[in-house]
Amino acid sequence: MSSPSRTPVLALLPGGLLLLATALLLNFVSLPPSSYARVQFGFYIVVCAGVLLAWRFRSTRVLFALLVLFLVEGAAFGPSYLNADHVRVAIAAFLLPVNLLVFSLLPERGFTLDALVPRAALLLIDFVALGVSSEFQAAHTFSLPWVIAGLCAAAALVFLLRALVYRRNLESGFFWGMLAAWLALRHGGAGVAATAYLGTGVLIMGASLIESFYFMAYHDELTALPSRRAFNEATAALVHPYCIAVADIDHFKSFNDLYGHDTGDEVLRMVAARLARVGGGGQAFRCGGEEFAVLFRDRVAAEALPYLEELRRDIEESVFCLRGPDRRHQARGADRRDTGRRTTRRRKTKVEPPPVADITSVTVSIGLAGSEEQKQENVQQVIGAADKALYRAKARGRNRVEVAGLQTAGVSKMAASRG
């Protein structure tokens, strides 16, 4: 998944609320030891639901993280919550952050044999380690050693940094799941609280998985902008007044043909980043290919026009330095080998780097239409009018904004003619 456009606070919010609710419940509601069976049953329910979700969405990261939490709950806490095996809790406290960190950093490769074998082997090592620990007993009350606490804190810090940098729901889920597991380990001698916190960690990871795929369904993977599906739902809820702008990257096909699709993707990401920052309350969408849309609610076209002009200039002023296409500078001859004369030393050929091309700017053409021009609330007609205005902008030289219903030349002055 690409980096979402959400703020860091929103990226961390859902899991934190679930963990806070659990902490408040356990602190203000006294759960007797007899309620352990019901808490454990709830834990098994959320584990099964999480495993099914991970299998359905083919997420080995979440699947094995949940299996680790399940293993820790069964082996470290178990039904003997009144007389917990503190050695096993200590071993679980050591293995848990290491396993969660490893499983979260391994790339998603689906349920292939190459992906499953190393993960299953690590899980088997955990099972053996926890099983062997049952031969040892510790009479003292369990307290989290500073080494293990530091390991948990380090793993949580890694998850937090990844959540803030990538702003992905799944990274946020691992962060809050790690905190929930740490709280469970802190309550290693009280099975009800420990299992409740572990269950909350499982619930957070399952919810983050659903959020991740919801985000993927409604956002473009390359640019992280809302996709056409989100655009269709947004336009269906529009009420007058509003206006819609349709933007298209000028000469985009030539970027792909001359510099390759990787360069074309960079151009798309750059334009999308500028579109995401459009002023006036506009919301940008990627509708497909090099075509984007910007939706302005509660604004007429004349009010949105200055923001689109600013957007057009911002994109035009973006400068690229890109590696040009590979070309041979010296033609291959049909007779490169001289069989009559052989030399003992191989001649070294100097390989010249491919030329570097400076692309001074990327430009967009924009067509704008408002609901006030159509005299009705038919969104498709407004979109159609914006498309016609876009075609007019292309025909009049590109790199300009044209407004539906205004036929006078130069609604926006052309800053640089590219065609």
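Keep in mind it's a predicted model, so treat the numbers as computed, not measured.

So what's going on with the nonpolar core? Which residues, and what values?
The biggest cluster of nonpolar side chains holds 41 residues, and the ones touching the most others in it are Leu69, Leu96, Leu100, Phe159, Met178, Leu198 and Met205. Breaking this core down by element, the ones donating at least two residues are helix H1 (8-28), helix H2 (36-56), helix H3 (60-77), helix H4 (86-105), helix H6 (146-166), helix H7 (169-186) and helix H8 (191-218). Formed by 31 residues, the second largest nonpolar core is a distinct cluster that contains Ala245, Phe296, Leu311 and Leu368.

Now, about the packing of aromatic side chains: what can you tell me, with residues and values included?
In total, this model carries eight aromatic pairs according to the counting rule given. When the ring of Phe175 is compared with that of Trp176, the centres are 4.9 Å apart and the planes differ by 65°; the resulting orientation is edge-to-face. In terms of burial, Phe175 and Trp176 fall into one category: buried. Here the aromatic cluster, defined as three or more aromatic residues joined through ring pairs, consists of Phe43, Tyr44 and Phe70. When the ring centre of Tyr218 is taken as origin, the NZ or CZ atom of Arg229, which lies over that ring, is 5.7 Å away.

Let's hear about the packing of H2 against H8: which residues, and what values?
As a packed pair, H2 and H8 sit with axes 9 Å apart at the nearest point and diverge in direction by 20°. If you check the angle between H2 and H8, you find them roughly parallel. As for how H2 packs across H8, the hand of that crossing is left-handed. Residues Tyr36, Val39, Gln40, Phe43, Val46, Val47, Leu53 and Ala54 of H2 touch H8, and the partners they reach there are Gly191, Val192, Thr195, Ala196, Leu198, Gly199, Val202, Leu203, Gly206, Leu209 and Ile210. Considering only residue class, the contact of H2 with H8 consists of 14 nonpolar, five polar and no charged.

I'd like to hear about unusual backbone geometry, residue by residue, with values.
The peptide bond linking His240 to Pro241 adopts the cis configuration, its omega dihedral lying at 5°. Within the fold, Pro241 resides in the loop between helix H9 (228-236) and strand S1 (242-249). Of note in the backbone geometry, Ala224 takes a positive phi value of approximately 70° without being a glycine. Relative to the helices and strands, Ala224 is located in the loop between H8 and H9. Residue classification places Ala224 among the buried positions, given a relative accessible area of 5%. Backbone geometry places Asn399, a non-glycine residue, at a positive phi of 55°. By the element assignment, Asn399 lies in the loop between helix H14 (379-395) and strand S7 (401-403). A residue is classified by how much of its surface remains accessible, and Asn399, at 0% relative accessible area, is buried.

Provide a residue-level description of H9, including the pertinent values.
Residues Ala230, Phe231, Ala234 and Thr235 constitute the buried set of H9. Taken end-on, H9 shows its buried residues confined to a sector of 130°, consistent with a single buried face. At its buried positions, H9 is contacted by H8, S1, strand S2 (283-288), strand S3 (291-297) and H14.

Before we move on, can you summarise the sheet that holds strand S6 (residues 364-370) with the specific residues and values?
One open sheet accounts for five strands, arranged S2-S3-S1-S6-S7; its pairing is mixed. The outermost strands of the open sheet, each flanked by one partner alone, are S2 and S7. With direction set aside, neighbouring strand axes in the sheet form an average angle of 20°. Across the sheet, H9 lies against S1, S2 and S3, angled at about 125° from S2, the strand it touches most. Across the sheet, helix H11 (residues 261-276) is in contact with S1, S2, S3 and S6; its angle to S3 comes to roughly 5°.

So what's going on with H7? Residues and values would help.
End to end, H7 covers 26 Å across 18 residues, agreeing with the expected 26 Å (1.5 Å per residue, within 8%). Burial analysis of H7 places 14 of its 18 residues in the buried class, which makes it a mostly covered element.

Can you explain the pattern of salt bridges? Please cite residues and give values.
Tallying each qualifying case throughout the model produces 13 salt bridges. For Glu266, the salt bridge goes to Arg269, with nearest N and O atoms at 2.7 Å. On the criterion of helical spacing, the pair formed by Glu266 and Arg269 is a turn pair, its members being three residues apart in helix H11. Between Glu309 and Arg312 there is a salt bridge, with its nearest N and O atoms 3.1 Å apart. A residue pair is termed a helical-turn pair when its members lie 3 or 4 positions apart in one helix, as Glu309 and Arg312 do in helix H12 (residues 301-316) at three residues. Classification of Glu309 as buried rests on a relative accessible area of 12%.

Describe in detail the packing of H6 against H7, supporting the description with residues and values.
Close contact between H6 and H7 brings their axes to 7 Å; oriented N to C, the two are set at 160°. Judged by the angle between their axes, H6 and H7 are roughly antiparallel. Between H6 and H7 the crossing geometry is left-handed. On H7, the residues touching Ala149, Cys152, Ala155, Ala156, Phe159, Leu160, Arg162 and Ala163 of H6 are Glu171, Ser172, Phe174, Phe175, Met178, Leu179, Trp182 and Leu185. Looking at the contact of H6 with H7 residue by residue, the classes come out as 13 nonpolar, one polar and two charged.

Could you give an account of the pairing of S3, with specific residues and numbers?
Along S3, five of the seven residues are buried, which leaves the element largely enclosed by surrounding structure. Where S1 and S3 come together, seven bridges link them in antiparallel fashion. Note on S3: the bridge partner recorded for Tyr242 is Arg297.

Just give me the short version of the environment of Thr235, but keep the residues and values in it.
As for its position among the elements, Thr235 is in helix H9. Looking at Thr235, the relative accessible area reads 6%, which means it is buried. In contact with Thr235, not counting residues within four places along its chain, are Ile244 and Val379. At a separation of 2.9 Å, a polar atom in the side chain of Thr235 contacts the main-chain carbonyl oxygen of Asn232.

Rules used in this analysis
- Throughout this document, residue positions are counted from 1 along each chain, in the order its sequence is written.
- Local features in this predicted model are restricted to residues whose pLDDT is 70 or higher, and side-chain atom pairs enter the listing and the counts only when it is 80 or higher, whereas totals over whole chains, interfaces and linings include all residues.
- Side-chain metrics rest on all non-hydrogen atoms present in the structure, leaving aside hydrogens and water.
- Here, nonpolar core refers to any group of buried Ala, Val, Leu, Ile, Met, Phe, Trp, Tyr and Cys residues whose side-chain atoms link them within 4.5 Å.
- Burial here depends on accessible area, computed with a 1.4 Å probe over protein chains only, as a share of the maximum for the residue type. Under 20% is buried, over 50% is exposed, and the range in between is partly exposed.
- Per the convention used, a helix needs a DSSP run of H or I reaching at least four residues, while a strand needs a run of E reaching at least two, with both numbered from the N terminus.
- Aromatic pairing here means that ring centres of Phe, Tyr or Trp (its six-membered ring) are within 6.5 Å. Orientation follows from the plane angle: under 30 degrees is stacked, over 60 is edge-to-face, and everything else is tilted.
- A ring is considered to have a charge above it if a Lys NZ or an Arg CZ atom is located within 6 Å of its centre and within 35 degrees of its normal.
- Orientation is described by lines fitted to C-alpha atoms, with helices fitted over the stretch in contact, and by angles between N-to-C directions that extend from 0 to 180 degrees.
- Relative orientations are named as follows: roughly parallel for angles under 35 degrees, roughly antiparallel for angles over 145 degrees, roughly perpendicular for angles from 65 to 115 degrees, and oblique for any other angle.
- Each helix crossing is assigned a hand: it is left-handed if the near helix lies turned anticlockwise from the far helix by less than a right angle, otherwise right-handed if that turn is clockwise.
- Whether two residues are in contact is decided by their heavy atoms: any pair within 4.5 Å suffices.
- Only Asp, Glu, Lys and Arg are considered charged in this grouping, and only Ala, Val, Leu, Ile, Met, Phe, Trp, Tyr, Cys and Pro are considered nonpolar; every other residue, Gly among them, is considered polar.
- The arc refers to the directions leading from the helix axis to the C-beta atoms.
- Here, strands pair whenever DSSP counts at least two bridges between them.
- A helix is expected to reach a length of 1.5 Å times the quantity of its residues less one.
- Whenever Lys or Arg places a side-chain nitrogen within 4 Å of a carboxyl oxygen from Asp or Glu, that contact is recorded as a salt bridge.
- Each polar contact in these results corresponds to two N or O atoms within 3.5 Å; when the atoms are within protein, one needs to be able to donate a hydrogen and the other to accept it, and residues that are neighboring in sequence are counted only if both atoms are side-chain atoms.

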